[in-house]
Amino acid sequence: MDWREKAACKDYYEQLKKKDIFFPPPGKPGSQTDAAVLVCSSCPVREECLEYALDKKELTDGIFGGKTPAERKWLHKRRQAAAGIKPKTRRKRKKT
Ligand code: SF4
């Protein structure tokens, strides 16, 4: 069985027909984010969901595993640092 079959948000979408609280507008955390994190807090596949998001580098949108994009980015950087992977730096543009 796929872990997504046990997701708490699956029932949320299918039974309650609520708006998509798991993808709040970027840069506008608030009650929508809080509601999604609350659903995630009782989800039996929270760990699997978070690992999925980190593996797929879902780091910019949505709530996965009860974590916001900023929290996932922080986790991703921590894991890279623990693995000895240096963060990517932006290249400076050559002046023409
Ligand atoms: S942790 Fe949250 S987003 Fe992930 S499957 Fe569970 S309820 Fe859905």
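As a reminder, the structure under discussion sits directly above these lines.
The structure contained in this document is the topic of the report that follows. (Residues numbered from 1 in each chain as written. Predicted model: local features only at pLDDT ≥ 70, side-chain atom pairs only at ≥ 80, totals over all residues. Heavy atoms only, no water.)

### Thoughts on the overall build of the protein chain
The number of helices and strands found in the protein chain is four helices and zero strands. The long-range share in the protein chain, meaning contacts at least 24 apart out of those at least 6 apart in sequence, stands at 35%. (Helix = DSSP H or I, 4+ residues; strand = E, 2+ residues; numbered from the N terminus. Contact = heavy atoms within 4.5 Å.)

### Remarks on the pattern of salt bridges
Under the definition given, this model contains three salt bridges. Note that D2 and R4 form a salt bridge whose closest N and O atoms lie 3.1 Å from each other. Put simply, E51 and R79 hold a salt bridge, and the shortest N to O gap is 2.6 Å. Here R79 lies in helix 4 (residues 69-82) and E51 lies in helix 3 (residues 46-55), a separation of 28 residues in the sequence. A relative accessible area of 40% places R79 in the partly exposed class. (Salt bridge = Lys/Arg side-chain N within 4 Å of Asp/Glu carboxyl O. Buried < 20%, exposed > 50% of the residue type's maximum accessible area, 1.4 Å probe, protein only.)

### Quick notes on helix 4
Its 14 residues give helix 4 an end-to-end C-alpha distance of 20 Å, which sits within 8% of 20 Å, the value for a rise of 1.5 Å per residue. Close packing links the buried residues of helix 4 with helix 3. Once helix 4 ends, the next one or two residues include G84, with phi positive near 80 degrees. (Expected span 1.5 Å × (residues − 1).)

### A short note on the nonpolar core
Core analysis: the biggest nonpolar cluster contains seven residues, these being Y12, I21, F22, A36, V39, C40 and I63. In this view, I21 contacts Y12, Q32, A35, A36 and V39; residues no more than four positions away in its chain are not counted. (Core = buried A, V, L, I, M, F, W, Y, C linked by side-chain atoms within 4.5 Å.)

### Digging into the side chain of T33
Mapped onto the elements of the fold, T33 is located in helix 2 (residues 31-41). Take T33: its relative accessible area is 7%, and that puts it in the buried class. Apart from the residues lying within four places of it in its own chain, the contact partners of T33 are P24, I63 and T68.

### Description of the packing of aromatic side chains
Throughout the structure, instances matching the rule amount to two aromatic pairs. Measuring from centroid to centroid gives 5.8 Å for W3 and Y52, while their planes differ by 55 degrees, and the two rings are tilted. Of this pair, W3 sits in the segment before helix 1 (8-16) while Y52 sits in helix 3, and the two are 49 residues apart along the sequence. Taking relative accessible area as the criterion, W3 reaches 22% and is therefore assigned partly exposed. (Phe/Tyr/Trp six-rings, centres within 6.5 Å; stacked < 30°, edge-to-face > 60°.)

Purely spatial values, then, with no claim about function.
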